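Structural characterization, general
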Amino acid sequence: MDEFQGESSRPLPLSRRSFVRTSLLTTAAVAIANSPLLGPLLKTAQAATPDLLHDTFNGLLAFIVPGPDTYSQAQGATSSTAGDVEANVAEVLIGTLDLTVPFLPQFSVTVAAILNNLAQFVNPSANNPFSSPFANLKYAEKVGVLQIMDSTDALKSLAGVLPLLLAALCYSDAGAFDPVTRNLTGTPVGWTVSNYSGVSDGRDEFQGYFQQKVMPTQIANEEKRHA
Amino acid sequence: MRDVIVVGAGGGGAVVAKELAGRGLDVLLLEAGARFANPETDWTHFESDANNPYLGYFRFGPADRSKAEWVREIPQSMLFVQLAGVGGSTNHYQGNSPRAMPGAFVGYDGADRQAYDTDHLFPFPYRDLIPYYEWVEATLPVQSAPMGKKEEVFFQGAQMLGLPLQRGKDITQAAFRPQENAILQPQGTAGKTSDPHKVSFPAAKGCTFCGHCSQGCFEPLSAPINLKAKRSTSVSYIPMALTADRWSRDGKSITLVADAFAICVNTDGVSARGITWRIGSTGETFTEEADVIILACGTVENPRLWLNSGLPNSNGWVGRGLTDHYVDVVTGVMPFDVATTRGPGSNGRIDYPGYGMLEVVGDTPGLRAGLCAFSDAGVPGFYDNGLPGGSYGADTVGRLIGNDLKEAMSNVDRLLNIDIFTDDDVEFQNNVGLSTNYPPDEHGPVPRIEIFQRKRSARTIRNREFLAQKAVDLLRALGAKKIHRINKPPFVIHSHNTMRMGLSASDSILDSICEARAIKRLFIADNSALANGIGGPNPTLTTQALATRTAEKIFQQYFGGEAWVSREAPVASTDATITQAFVQSGTD
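Let us look at the structure shown here. (Residues numbered from 1 in each chain as written. Chains lettered and ligands numbered in written order. Predicted model: local features only at pLDDT ≥ 70, side-chain atom pairs only at ≥ 80, totals over all residues. Heavy atoms only, no water.)

1. Describing the overall build of chain A
- The secondary structure content of chain A amounts to 10 helices and 2 strands.
- Taken from the N to the C terminus, the helices and strands of chain A come in the order α-α-α-α-α-α-α-α-β-β-α-α.
- Considering chain A as a whole, with its 227 residues, one finds that 59% of them fall into the buried category.
- Long-range pairs, those at least 24 residues apart, make up 60% of the contacts in chain A between residues at least 6 apart in sequence. (Helix = DSSP H or I, 4+ residues; strand = E, 2+ residues; numbered from the N terminus. Buried < 20%, exposed > 50% of the residue type's maximum accessible area, 1.4 Å probe, protein only. Contact = heavy atoms within 4.5 Å.)

2. Notes on the interface of chain B and chain A
- Counting residues at the interface gives 106 residues for chain B and 84 residues for chain A.
- The largest contributions to the chain B side of the interface with chain A come from Phe46(B), Tyr54(B) and Lys406(B), which together make up 10% of the buried area.
- Inspection of the chain B/chain A interface yields 4 salt bridges.
- Note that Lys149(B) and Glu205(A) form a salt bridge whose closest N and O atoms lie 4.0 Å from each other.
- For the pair chain B and chain A, the interface holds 34 residue pairs in polar contact (both at pLDDT 80 or more). (Buried area = accessible area lost by both parts, 1.4 Å probe. Salt bridge = Lys/Arg side-chain N within 4 Å of Asp/Glu carboxyl O. Polar contact = N/O pair within 3.5 Å; in protein donor to acceptor, adjacent residues only side chain to side chain.)

3. A short note on the sheet that holds strand E14 (residues 348-352) of chain B
Residues and elements named next belong to chain B.
- Sheet architecture is open: 7 strands sit in the order E5-E14-E15-E17-E13-E20-E16, paired in mixed fashion. Two strands bound the open sheet, and with one partner strand each, they are strand E5 (175-178) and strand E16 (396-397).
- In this sheet, strand E20 (residues 482-485) lies alongside strand E13 (residues 328-333) in antiparallel orientation, the contact comprising 4 bridges. Counterpart to Thr-331 in the pairing with E20 is His-484.
- Where helix H5 (residues 149-160) meets the sheet, its contacts fall on E5, E14, strand E15 (356-361) and strand E17 (415-422), and the angle it forms with E14 comes to roughly 30°.
- Strands E13, E14, E15, E17 and E20 of the sheet are contacted by helix H11 (residues 458-477), whose axis makes an angle of about 160° with E17. (Pairing = 2+ DSSP bridges. Axes fitted to C-alpha atoms, helices over the stretch in contact; angles between N-to-C directions.)

4. Quick notes on the packing of helix H3 (residues 50-64) of chain A against helix H5 (residues 90-100) of chain A
Residue and element names in this part refer to chain A.
- Two elements in contact, H3 and H5, have axes whose closest approach is 10 Å; the angle formed by their N-to-C orientations is 110°. The angle between H3 and H5 falls in the class roughly perpendicular. Residues Leu-53, His-54, Phe-57, Asn-58 and Leu-61 of H3 form the contact with H5, whose own contacting residues are Ala-90, Glu-91, Leu-93, Ile-94 and Leu-97.
- Tallied by class, the residues present in the contact of H3 with H5 amount to 7 nonpolar, 2 polar and 1 charged. (Parallel < 35°, antiparallel > 145°, perpendicular 65-115°, else oblique. Nonpolar A, V, L, I, M, F, W, Y, C, P; charged D, E, K, R; others polar.)

5. Quick notes on the pattern of salt bridges
- The tally for this structure, following the rule as stated, stands at 40 salt bridges over all chains.
- Between Arg72(B) and Glu301(B) there is a salt bridge; the shortest N-O distance is 3.4 Å. Placement of Arg72(B) in the loop between helix H3 (47-50) and strand E3 (79-80) and of Glu301(B) in helix H8 (residues 301-308) is noted, with a sequence separation of 229 residues between them.
- Owing to a relative accessible area of 3%, Arg72(B) belongs among the buried residues under this scheme.
- For the salt bridge of Arg567(B) with Glu568(B), the shortest nitrogen-to-oxygen distance reads 3.7 Å.
- Sharing partners across several salt bridges, the network here consists of Glu205(A), Lys149(B), Asp337(B), Arg342(B) and Asp413(B).

6. Examining the pairing of strand E11 (residues 272-279) of chain B
All names here are of chain B.
- In terms of burial, E11 is a largely internal element, 7 of the 8 residues being buried.
- The sheet contact formed by strand E10 (residues 260-267) and E11 spans 7 bridges and is antiparallel. Each residue of the ladder has a partner; that of Asn-266, found in E11, is Gly-274.
- Pairing of E11 with strand E12 (residues 285-295) involves 5 bridges; the strand directions are antiparallel. Residue Gly-274 lies in a different strand from E12, and its bridge partner there is Glu-289.
- Taking the residues that link successive antiparallel strands as the turn, the E11-E12 hairpin has 5 residues, and the phi of Gly-283 there is positive, at about 80°.

7. Considerations on the packing of aromatic side chains
All names here are of chain B.
- The full count for this structure, using the stated rule, is 31 aromatic pairs over all chains.
- Judged by centre distance (4.8 Å) and plane angle (80°), the ring pair of Tyr-57 and Phe-58 falls under edge-to-face. Both residues of the pair, Tyr-57 and Phe-58, count as buried.
- Aromatic side chains Tyr-108 and Tyr-116 sit 5.8 Å apart centroid to centroid with 85° between the ring planes, which places their arrangement in the edge-to-face category.
- Of the aromatic side chains, those joined through ring pairs into one cluster are Phe-105, Phe-122, Phe-124, Tyr-126 and Tyr-133.
- The ring of Phe-491 carries Lys-488 above its face, with NZ or CZ at 5.5 Å from the centroid. (Phe/Tyr/Trp six-rings, centres within 6.5 Å; stacked < 30°, edge-to-face > 60°. Lys NZ or Arg CZ within 6 Å of the ring centre and 35° of its normal.)

Right under this line is the structure:
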């Protein structure tokens, strides 16, 4: 799957009509758009249904942070406490992917298509129970998809950012944050499953100074300066 | 015509602007991002609001959050963390203000002098910078940090490794210490109550131990802006620059313009003459002239602006030599609470001269989980992605995802996180240039950042592995139940050297006073001017000391003034004169 050797990417013939807006996801998107292997996916990806899209991302969410949900069950790796699927971040994730790569309309659809195509490569018979081949993979097979992405120049950046993004979304306040009021609509799932006590303007956590090292040497210097 | 135009109001630009305003010069300070004049309403404690890399108020983008961030081409897995807005990246930093390793400077004669990047030393001796360190330390001010629980535990671990306590500010040996940091020490109820009704100023002063350094500090509530706990330049140097006529006998307050993105440095071929900038909200462009131009736009935008302005690059080193401290993280799952999310961001450190440093770090759960999942070393138990990096007894190396992540994050306050900052070499290959793949944006061709993670120098790799082993040893000594080494791709929270000063004209852009070798009257005053990665410590204090030195050199060379640092006492940014000026103006 390795299209290019080494870390230095070759010039990519991205159309000048494109208006590039972001860095992290854009890097991934540009690499994909100009990849001879992956570029054709863009056309077929647009035919994806909403069900396929949500199945795919729920399968991905369960992979990064599993829970008791059906997607986690299907991959054979579950958790008794809520995971990424229950964290209510699927829409935030899809919105983030779409909003930040405007020159690839519905970049989320492209990402889903990549995951599903690689899933079919890893396990061609993963057809049930979901419409998404990726969501039907076992946990180790999903790792196999990530491994292919990690070793494919056009997908390395995406392989790096997706786990980061999904983990951060799950454990942050993303599923309960209202950007209009800039406040929460409830307790974020990630706070509950990580035992986070929540935001605060102050905490009773002051433990004093190590060996009473309260006097900065700088103050001593100042005293010397003014002596 | 101005005396001076400074481009960039971050960790360095704000310093040089304040110092020259204090001397009575007419200073125009341009900032591309938001003004952030009122952190109590501008910021919240929520990660989604602050830290979303695309839409959060701490992205690298325009003040108007309905507009997209500014693009950079990054052709690899990399997180380049840099903030726009008045205060720059000091708005989310943890205030740590250590001095540099003396071995990073020319003239160092310690027994370990060969342990450093000896090909790229600072072009003046370490002792020459000490008066400027002292000046900045008194201005911010920098003080010895108090402990939270994780610091107490971390110091126990350091002692178990047999390390001594470092008592002075200058790094002389491998040792641990409370951070010297730019966060006001807690007084009154600060740090002693979790009751939100009891942590407002003046009952609480200094750090309230809220645990939200990464979302920006606006504590204690109701405190005047220059008395906020964390000394981001937005609450320290900028208020001083805006009130220079009040605290300095000869001072002249600066003119600050936010939402102003510099797009060209204008020259006559010999000297810098002015700056052209674009206002984001209107699209208008403006040009002003000045006797001296100072760039402080950061390690990415400085070389971009230089190259987009058509300035000379005869030795090819513009944008080259990027160092990032080759960051890694080792996390221990402890059998007891260490208050990861509660209290200081990072108030404890271990310095290993010639290798780098370790810091104990706390943060909010989304950031921590994301960083645990951000690796270049595959998935533990499945594949390692071919990245060098030993376990040294760690239970896993690589991404924490799935139930490994779930288990580690099941009690975030039991995670003892040790960040690794490597003394990494200046290497020509790691660079910021102009993208030929992306179309220009409204400010011209966009920057391209590239770090060759798998081709770092042998010394750099050795240093990181040494530090990783020490981190694992410390966590094991403390009884960690599990230890995870993440082995990160470039996670750039410290960046330096892309417009470096140096001894030789063949591999540097700036001379020994940070003036461009190719263009007179053009200076650089941020991390990009540093000669090297200063040996691994957090760079902000050294940049601020160097910016103070640069301001003094400019005043002497181009305005006929005298040096002041060695003969005057600095005014602290917390001085009552500054507080009163803001309170009286009704802007606070």
